Amino acid sequence: MDVKLDPSRDDLPLMANTSHILVKHYVLDLDVDFESQIIEGTIVLFFESGNRFKKRSSSTEVACLSESNEACKFRMPEPCQIPVTNTKTFSSKIGYNDFVICGKGEKDTSGKDGNHDNQEQASGISSSKYCCDTGNHGSEEFLLVLDCCDLSVLKVEEVDVAAVPGIEKFTRSPKLRNQIVHELVALPADRWREQLDYYALCSQAPGCGELLFDTDTWSLQIRKTGAQTATDFPHAIRIRYRTKPQGRSVTWTSDQSGRPCVYTVGSPINNRALFPCQEPPVAMSTWQATVRAAASLVVLMSGENSAEPTQLREGYSSWHYYVTMPMPASTFTIAVGSWTEMKPEICSSNDLATERSFSPSEADFRYVGVCGHMEYPCRFQNASATTQKIIPHRVFAPACLKRVCQETLLPLIPPCLSAAFSVLGTHPFSRLDVLIVPANFSSLGMASPHIVFLSQSTLTGMSQLCGTRLCHEIAHAWFGLAIGARDWTEEWLSEGFATHLEDVFWAKAQQQLAPHEAREQQKLRACLRWHRLQDEVQNSPEEMQVLRPNKEKTGHVSDSGSSVIRHGLNPEKVFMQVHYLKGYFLLQFLAKTLGEDTYFSFLRKFVHTFHGQLILSQDFLQMLLENIPEEKRLELSVGNIFRDWLESSGIPQPLQRERQALAECGLAQQVSAEVAKWVRVNRRPRKRKRKDREEVFEKIRRR
C-alpha cells in the first residue's frame with residue numbers, strides 16, 4: 001500500500017514508519033508560555049526494534065514533501081561532511097547526494113524560527129519523484145519518520161543513556177546504548193516505578209551527537225550517519241522543539257471567567273502539532289511529562305497520578321504526570337488554565353471508602369486471569385481493583401461554574417461509574433478527572449486516559465443531558481481507550497459502543513426510575529436516533545456513510561507502516577454521526593437477536609479478553625458468534641453483518657424492518673399526540689393568522 005494523497009481529497013496521512021521501529025516511551029519536558037502562546041521544551045523518545053525491523057531485501061518507500069527535485073534536505077547546526085555512498089543501490093527516484101547540510105558559511109534554507117518548512121502542501125505526497133527510501137537495505141542510511149505538523153524543530157540528538165549513574169545495575173551491557181534501552185523497555189510490570197525513574201534519568205543524560213533532520217508538511221525525518229538499519233539507529237533521541245500559536249493540536253483561548261487557557265481540542269490531526277510522535281494506533285506507548293507554568297495555573301493531563309504542583313522559582317510551578325498502560329499517542333491530552341477543583345458541599349464517608357485508590361505497587365497485586373496484551377501493571381490483574389465500583393474522581397471548572405457543577409455534575413459521577421462497573425466490570429483506569437472546557441469546544445465531550453472533557457452545554461437543564469453524556473465518555477474508557485481500533489476508519493468500534501452503552505449505564509444510574517420507565521426512555525432515544533440517522537443519510541455523501549470503507553483492506557498499511565485515513569481532514573466529518581448511529585443500531589440489533597443476558601455476558605468476556613489491545617471489526621464479530629449457542633445465531637455471520645451493516649451506505653436493511661417498532665415507542669406516541677393536539681388548536685379560527693407557526697406544527701406532525 002503506497003502512501004499517496006490526491007490534492008483534491010481530504011485524506012489524513014500517517015507518515016511514521018512503524019514497521020521498522022516503534023516508540024515505547026515518551027518523556028516530555030515542557031514550558032507553557034501564554035504571552036507568546038507557545039509550548040516549548042524537549043521530548044525524549046525511547047525506541048524498540050525487533051526481528052521484523054531488521055534488514056530487508058525489498059525497497060520500502062514513504063513519500064516526502066519537497067519543493068524541488070532534490071529528494072530530502074537534511075541539516076545539522078554545525079558544518080560537517082556526509083560521505084557519498086553508492087547511489088546505484090538507491091531507488092532511481094532519489095539522489096542521495098542531493099542531501100544538504102546547513103551550517104556556518106552556507107545558505108540556511110530554514111525559516112526565521114530555525115525550522116525547515118517546505119511550502120509544498122499535502123498534495124506533494126502523491127508525486128512519486130519526491131520519495132525517500134525508509135527501508136534498511138543496501139548501503140543507504142535508515143530514515144526515521146515521525147508524524148509532525150505545525151512545529152518548529154530546533155535540534156535532534158542521540159542521548160547518552162550509558163552516562164546515567166547506576167545504569168549498570170540492570171543491564172548486562174552498560175556501554176552499549178541501544179542494549180541499555182532494550183533492557184529498560186523490557187523491564188517486567190512489577191518494576192514499573194523503577195522503569196519510570198530510569199526513563200527520567202536517561203532523558204536528562206547528555207547528548208552524544210546531533211542527528212540529521214528535516215521537516216515537511218506532515219513529518220519529521222531523522223538520520224544518523226552510518227546507521228543503515230533500525231537496529232543501528234539510536235534507540236534514545238532527544239528533540240528540542242516549540243509549538244506554533246496557530247498549531248492545530250491545541251487551542252489558546254479564554255475560559256468562561258475570561259482567563260487564558262490552552263487545551264488539546266481533539267483535532268483531526270491529533271497530537272502531531274503538540275509533539276513529534278508516531279501517530280498510527282499500532283505505536284502503543286507509555287509516557288511521562290513534566291510541565292511548567294505560572295503558579296496560578298492548574299495543569300491537567302492524561303496521567304495515572306493526581307499530580308500536585310511543585311513550587312519552582314517565584315511565580316512558577318511544575319506538574320508531573322505518568323502513564324504505565326501503553327496507548328496510542330493520539331490519546332494524550334493536556335489542559336492548562338485557571339481551573340478550580342469543585343468539591344461536594346457534603347462529603348460522605350461511604351463515598352471516600354469506595355473511592356480508595358489502588359496502586360499497582362500494592363501487596364495484593366497478583367494475577368487473577370491471563371491477559372492477552374503486552375505486559376504492563378494491569379488493573380484486570382489487581383484483585384482489589386477488580387472490585388472497585390467507583391474510582392477516585394475530581395471535577396475542575398472555572399470558578400464561575402462552581403454552583404452548577406456542585407448541583408448537576410458532582411452527584412452524577414458516582415452512580416454513573418458504579419453503573420458502568422456493573423455492566424462491564426473492572427475500570428481500566430485508576431482515576432478520573434472531569435474538566436468543563438471553554439465555550440469554544442466544538443463537541444459535547446471527549447474522553448482520554450484518566451480525563452474527560454465536558455462541554456458547559458451539558459450542565460444546562462435537567463440532569464438527563466449531563467448524565468447521558470457523562471455515561472458516553474465513561475464508556476470510552478473501555479471502548480476507544482482500553483480497547484482501540486487498529487484502523488481509524490472503523491470509528492464505530494469506539495463511538496457506536498459508547499452510544500450504545502450510554503443508554504445502558506444511564507438506565508442503571510437512574511435508580512429512581514422503574515424498569516419500564518427506563519426502557520421507555522431508551523425506546524424514545526432510539527426513535528430520535530432513527531430520525532437523526534435518516535436525516536444524515538439524506539444529506540451526506542454516500543461514501544462517508546460506510547462504517548468499514550476500506551473493506552477487505554481494513555487494517556492494511558504500507559511496508560513501512562505508513563497509511564492514509566480516508567476523509568480524515570474533511571471538516572464535515574467532525575459533525576457527522578453516522579458512525580455513532582449505525583454502530584449503535586447494529587449493537588442494539590445484536591443484543592435483541594441474541595438476548596440481552598447472553599449479549600452482555602459476552603461483552604464482559606470480550607472486554608476481559610481484548611483490553612489493552614487494538615481490534616478490527618472481525619475480532620469482535622467472530623468472537624461474538626463463536627461464544628453464542630448455535631440456536632441463537634440464526635442466520636448471523638460475519639459476512640452478512642459486513643454486507644448489511646458495515647460496508648454499505650444508507651439505512652441498513654435489518655434496520656429498515658425495525659422502522660415500525662421504533663415508531664411504536666410509548667413516549668414518542670405521547671409526544672405525537674401532544675403535537676397533534678396543538679396542531680388542532682392552532683387551526684381554530686383566530687383573530688390573527690399565524691400561518692408560519694401552523695406550517696411548523698404541520699411539519700412536526702408529519703415526522
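Residue positions within a chain follow its written sequence, with the count starting from 1. Thresholds applied to this predicted model are a pLDDT of at least 70 for local features of residues and 80 or more for the giving and counting of side-chain atom pairs; totals over whole chains, interfaces and linings are not thresholded and use all residues. Side-chain numbers come from the whole structure's heavy atoms, not from hydrogens or water.

A.B. asks: Is there a simple way to explain unusual backbone geometry in this structure?
C.D. replies: Across residues other than glycine, the phi torsion is negative in most instances, and most of the peptide bonds are trans. Residue H450 is not a glycine yet carries a positive backbone phi of 70°. Note on placement: H450 falls in the loop between β22 (445–448) and β23 (451–454). For the exposure calls, accessible area comes from a 1.4 Å probe over protein chains only, and a residue counts as buried if that area is under 20% of its type's maximum, exposed if over 50%, partly exposed in between. In this structure H450 comes out as buried when scored by relative accessible area, which is 4%. Located in the positive-phi region is H567, a residue other than glycine, with phi close to 60°. Helix and strand definitions here come from DSSP, where helices need a minimum of 4 consecutive H or I residues and strands a minimum of 2 consecutive E residues; each element is numbered from the N-terminal end. Relative to the elements of secondary structure, H567 occurs in the loop between β25 (563–565) and α9 (578–594). Among the residues examined, H567 registers a relative accessible area of 7% and is labelled buried.

A.B. asks: Looking at this model, I keep getting lost on empty space enclosed by the protein. Mind explaining?
C.D. replies: If a probe as big as a water molecule is rolled over the atoms, it shows which places are left empty. Using a 1 Å grid laid over the protein atoms alone, points where a 1.4 Å probe fits but cannot get out form a cavity; open sets with protein on both sides within 12 Å along at least 5 of 7 lines form a pocket; any residue with an atom within 4 Å of a point counts as lining. Grid points are joined across faces, edges and corners, and a volume is the space filled by probe spheres set on the points. Within the structure shown, the criterion is met by 4 cavities of 30 Å³ or more. Taken as a whole, the largest cavity spans an internal volume of roughly 140 Å³. Taken together, 14 residues form the lining of the largest cavity, with P549, R566, H567, K573 and H579 sitting closest to its centre. Residues are grouped as follows: Ala, Val, Leu, Ile, Met, Phe, Trp, Tyr, Cys and Pro are nonpolar; Asp, Glu, Lys and Arg are charged; every other residue, Gly included, is polar. Across the lining of the largest cavity, the residue classes tally to 7 nonpolar, 3 polar and 4 charged. There is about 120 Å³ of room inside the second largest cavity. What lines the second largest cavity is a set of 16 residues, and nearest its centre among them are I391, F429, L432, I474 and A477. Contributing elements (two or more residues each) for the lining of the second largest cavity: β22, β23 and α6 (463–475).

A.B. asks: Would you take a moment to explain the pairing of strand β9 (residues 212–215) for this structure?
C.D. replies: Both faces of the sheet carry side chains from a regular strand, because those side chains alternate between them. The two faces of β9 match: L212 and D214 on one face and F213 and T215 on the other face are all buried. Pairing between strands is defined by DSSP: at least two bridges between them are needed. Where β9 and strand β10 (residues 219–223) come together, 4 bridges link them in antiparallel fashion. Following the sheet pairing, D214 is matched in β10 by Q221.

A.B. asks: Quick question: what am I supposed to make of the side chain of H476 here?
C.D. replies: Relative to the helices and strands, H476 resides in the loop between α6 and β24 (483–485). Within polar-contact distance, the side chain of H476 engages the side chain of S494 at 3.2 Å. Here the side chain of H476 touches E495 through a polar contact of 3.1 Å, side chain to side chain. N or O atoms within 3.5 Å of each other form a polar contact, as long as, within protein, one can give a hydrogen and the other can take it, and as long as residues adjacent in sequence are counted only when both atoms are side-chain atoms.

None of the figures reported here should be taken as evidence of function without further support.
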